[in-house]
Amino acid sequence: GQNGNDEDDHDIASVRLPGVGIGGLVWADLDDSGTRQPGETLFDGVTVELYREGDTPGQSTPVATQATANGGNYLFTDLAPGSYFVYIPTPPAGHPLSSTPTDNADNRQKNDDNGAQQTVGGGTVSPIIDLQPGQEPLPDVDGTDTNIDSTIDFGFLPPVSLGNLVWHDANDNGLRDDGEAGIDGVVVQLYRSDQTPGVDAPILTTTTANGGQYLFSNLLPGEYTVYLPAPPAAYPA
């Protein structure tokens, strides 16, 4: 030291907390059970974005972005501890619907759907996940790292469709026979099975065309009722 004063040098070391991580898989939930079943397809190439709590997808800049690979998997690592959510901006091709049963809890359960979706084909978001070192479930990667939550999974399914024909049943036998014409311009309404046709608002409404045909597309699996609010004007009974 100077001036005859010997002083010990003290090094100040910064301590960095271990990085945490979040991951999961994206799969085809063909039976819409909200749980991955053996044999259900895994989707590679699906864009997955990571955000901090309070961010707005599409406006905020993602913390990180990647595409699923190696059997539908994604994994974000080396993150600062804190609260995050996972967002899929576009569902896999041909599977625009998120699973109907959705687990919205941060409960570290594997192989269940954690994605909530507002519109068919729209973005799908996980619940807020609090990531803390040493407190996360064991991942599938190596079975030892308790800093990674690899249980945030997303199930998607193809839509169902419902449709058929309105025709002139000339001989009143309940079957469409050769020569019996389809009727265009008939209003057709679709209801869920728990609704009352003519009282509740229909889910969808369409009009027959191209020879009496109608079709309701992009529907969630479930039970529905098709209802004609009025018969064709030329065929009142």
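As the structure is a prediction and not an experimental result, all values here were calculated from the model. (Residues numbered from 1 in each chain as written. Predicted model: local features only at pLDDT ≥ 70, side-chain atom pairs only at ≥ 80, totals over all residues. Heavy atoms only, no water.)

Chemist: Looking at this structure, how should I read the packing of aromatic side chains?
Modeler: For the coordinates displayed, the defined rule picks out 5 aromatic pairs. Relative to tyrosine 87, the ring of tyrosine 51 has its centre 6.2 Å away and its plane inclined at 75°; by these criteria the two rings are edge-to-face. Highlighted residues: tyrosine 51 in strand β2 (residues 47-52) and tyrosine 87 in strand β5 (residues 82-88), separated in sequence by 36 residues. Classification of tyrosine 51 as buried rests on a relative accessible area of 2%. Residue classification places tyrosine 87 among the buried positions, given a relative accessible area of 18%. An aromatic cluster is built from Tyr51, Phe85 and Tyr87, whose rings are joined through pairwise contacts. (Phe/Tyr/Trp six-rings, centres within 6.5 Å; stacked < 30°, edge-to-face > 60°. Helix = DSSP H or I, 4+ residues; strand = E, 2+ residues; numbered from the N terminus. Buried < 20%, exposed > 50% of the residue type's maximum accessible area, 1.4 Å probe, protein only.)

Chemist: Please explain the sheet that holds strand β14 (residues 204-207) as it appears in this structure.
Modeler: By way of backbone hydrogen bonds, the strands of a sheet pair with one another, either parallel or antiparallel. Judged by pairing direction, the sheet is antiparallel, and its 3 strands sit side by side in the order β14-β13-β16 without closing on themselves. Two strands lie at the open edges of the sheet, namely β14 and β16 (224-227), each paired on one side alone. The mean angle between the axes of side-by-side strands here comes to 20°, regardless of whether they run parallel or antiparallel. Pairing between strand β13 (residues 187-192) and β14: 4 bridges, direction antiparallel. Within the sheet, the bridge partner assigned to glutamine 189 lies in β14 and is threonine 205. (Pairing = 2+ DSSP bridges. Axes fitted to C-alpha atoms, helices over the stretch in contact; angles between N-to-C directions.)

Chemist: For this particular structure, what's the right way to read the confidence of the model for the chain?
Modeler: Do not read the fine detail of predicted coordinates wherever pLDDT is low. For the chain, per-residue confidence averages 87 on the pLDDT scale, and residues scoring 70 or more make up 88% of the total. Between residues 12-16, whose pLDDT stays under 50, and residues either more than four places distant or in other chains, the model counts 1 contact. (pLDDT = per-residue confidence, 0-100. Contact = heavy atoms within 4.5 Å.)

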